[in-house]
Amino acid sequence: MSLQAYAELQTLSAFSFRHSVAEPQALVTQAHALGYRALALTDEMSLAGAVRAHEAAEQCGMHLIIGSTCYCADDSLPAPLDLVFLVPDQTAYAQLCRLITQARRRATKGSYMVTSADLETDLSSLLVIWKPQHDLSKDRLIALARWLQKRFKDRLWLGATRQLQPTDSTGFATID
């Protein structure tokens with residue numbers, strides 16, 4: 001696969017406090033410099049960096065995908081959920097804005113609370129990436145997968161994140 005076909009589908013900026021220090025425009029500029037086809041800005045229950053990222057994407061001619069990530073730990077779920085929402089159109093954008101507003105209103109300032117009931121509202125245009133926790137039993141994974149499949153149908157994908165380890169630098173060394 002060439003980098004021309006690569007699109008990063010989960011990127012956090014400095015607007016995801018304590019998760020990133022990168023400014024949205026710097027993320028777009030770096031992705032463009034690396035030859036990425038697209039970049040999804042998915043700050044945690046926030047669209048705060050979208051305008052800055054959009055302006056940078058327009059300047060360099062890169063495709064920007066708007067989205068958001070969330071963590072949902074609801075007692076009615078078999079296990080907590082780590083989700084990424086991606087916006088393909090204006091209807092999905094409005095649905096994501098409503099979800100973010102609801103989640104922020106019910107929590108204290110600076111935090112959010114997404115419930116399973118929120119995920120059962122009209123989110124019919126959003127694309128969803130589920131990143132399952134590594135320590136879940138097979139039964140809990142299957143239960144969550146079925147629950148998510150019922151709600152998101154063919155708009156649900158399975159995601160994975162590889163966390164770099166201190167010893168990984170040798171794997172990225174250049175060969176002369």
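The preceding data block contains the structure.
Analysis parameters
Residues numbered from 1 in each chain as written. Predicted model: local features only at pLDDT ≥ 70, side-chain atom pairs only at ≥ 80, totals over all residues. Heavy atoms only, no water. Helix = DSSP H or I, 4+ residues; strand = E, 2+ residues; numbered from the N terminus. Rg over C-alpha atoms; globule rule 2.2 N^0.38 Å. Contact = heavy atoms within 4.5 Å. Areas by Shrake-Rupley, 256 points an atom, 1.4 Å probe, with all protein chains shown as cover. Lys, Arg positive; Asp, Glu negative; His and termini not counted. Charge placed at Lys NZ, Arg CZ, Asp CG, Glu CD. Salt bridge = Lys/Arg side-chain N within 4 Å of Asp/Glu carboxyl O. Buried < 20%, exposed > 50% of the residue type's maximum accessible area, 1.4 Å probe, protein only. Pairing = 2+ DSSP bridges. Right-handed = clockwise from strand over helix to strand, strands pointing away. Core = buried A, V, L, I, M, F, W, Y, C linked by side-chain atoms within 4.5 Å. Phe/Tyr/Trp six-rings, centres within 6.5 Å; stacked < 30°, edge-to-face > 60°. Arc of directions from axis to C-beta.

Student: What exactly am I supposed to notice about the overall build of the protein here?
Tutor: Helix and strand counts for the protein stand at 5 helices and 6 strands. When the helices and strands of the protein are placed in sequence order, the string is β-α-β-α-β-β-α-α-β-α-β. Computed over its C-alpha atoms, the radius of gyration of the protein comes to 17 Å, within 12% of the 16 Å expected for a compact globule of 176 residues. With the C-alpha coordinates of the protein rotated into their principal frame, the extents come out at 55 × 35 × 30 Å. Taking all contacts inside the protein whose residues are at least 6 apart in sequence as the whole, residues at least 24 apart take part in 70%. Entry remark: accessible area of the protein is about 10,800 Å², with carbon and sulfur atoms responsible for 54%. One finds the centroid of the 17 positive side-chain charges in the protein at a distance of 6 Å from the centroid of its 18 negative side-chain charges.

Student: So what exactly am I meant to see when it comes to the pattern of salt bridges here?
Tutor: According to the stated counting rule, one finds 3 salt bridges in the structure shown. Ionic pairing is found between Glu-23 and Arg-52, a salt bridge with its closest N-O pair at 3.2 Å. One end of the pair, Glu-23, is in the loop between strand S1 (7–11) and helix H1 (24–33); the other, Arg-52, is in helix H2 (residues 50–60), and 29 residues separate them in sequence. Residue classification places Arg-52 among the partly exposed positions, given a relative accessible area of 39%.

Student: Which parts of the structure should I look at to understand the side chain of Ser-13?
Tutor: Structurally, Ser-13 can be placed in the loop between S1 and H1. With relative accessibility at 0%, the residue Ser-13 sits in the buried group. Residues contacting Ser-13, with those up to four places away along its chain left out, are Ser-20, Ala-22, Pro-24, Leu-27, Leu-41 and Asp-43.

Student: Where do I start with the pairing of S1 in this structure?
Tutor: Here is the key point about a regular strand: its side chains alternate between the two faces of the sheet. Looking at chain direction, S1 and strand S2 (residues 38–41) are connected through 3 bridges and run parallel. Residue pairing for S2: Glu-8 is matched across the bridge by Leu-39. Traced from S1 through H1 to S2, the parallel crossover comes out right-handed.

Student: Which parts of the structure should I look at to understand the nonpolar core?
Tutor: It is characteristic of soluble globular proteins that their nonpolar side chains tend to be buried jointly. In this structure, Met-45, Leu-81, Leu-83, Phe-85, Val-114 and Leu-119 are the most contacted members of the largest nonpolar core, which totals 40 residues. Put simply, the parts of the chain that give this core at least two residues each are H1, S2, H2, strand S3 (63–72), strand S4 (81–87), helix H3 (90–105), strand S5 (127–130) and helix H5 (138–152). It is H3 that provides the largest number of residues to this core, a total of 5 residues. With residues near it in sequence (within four places) discarded, Leu-83 still touches Ser-68, Thr-69, Cys-70, Leu-119, Val-128, Ile-129, Trp-130 and Leu-148. By size, the runner-up hydrophobic cluster in this structure holds 6 residues, among which are Ala-40, Ile-65, Val-84 and Leu-86.

Student: I tried to follow the packing of aromatic side chains on my own but got confused; where do I start?
Tutor: Each aromatic ring pair is specified by the distance between its two centres and by the angle formed by the two planes. All told, the structure shown has 1 aromatic pair when counted by the stated rule. Taking 4.8 Å as the distance between ring centres and 75° as the angle between the ring planes, the aromatic pair formed by Tyr-6 and Tyr-36 counts as edge-to-face. Taken together, the residues Tyr-6 in the segment before S1 and Tyr-36 in the loop between H1 and S2 connect sequence positions 30 residues apart.

Student: Quick question: what am I supposed to make of H2 here?
Tutor: Residues spaced three or four apart along an α-helix point in a common direction, a consequence of the helix completing one turn every 3.6 residues. Where H2 is concerned, the buried positions are Ala-50, Ala-53, Ala-56 and Ala-57. Looking straight down H2, one finds that the buried residues subtend no more than 130° of arc, so they occupy a single side. Away from the buried face of H2 by more than 90 degrees, exposed residues Val-51, Glu-58 and Gln-59 are located. Looking at the packing, one finds that the buried side of H2 touches H1, S2 and S3. Phi turns positive, to about 75°, at Gly-61, one or two residues after H2.

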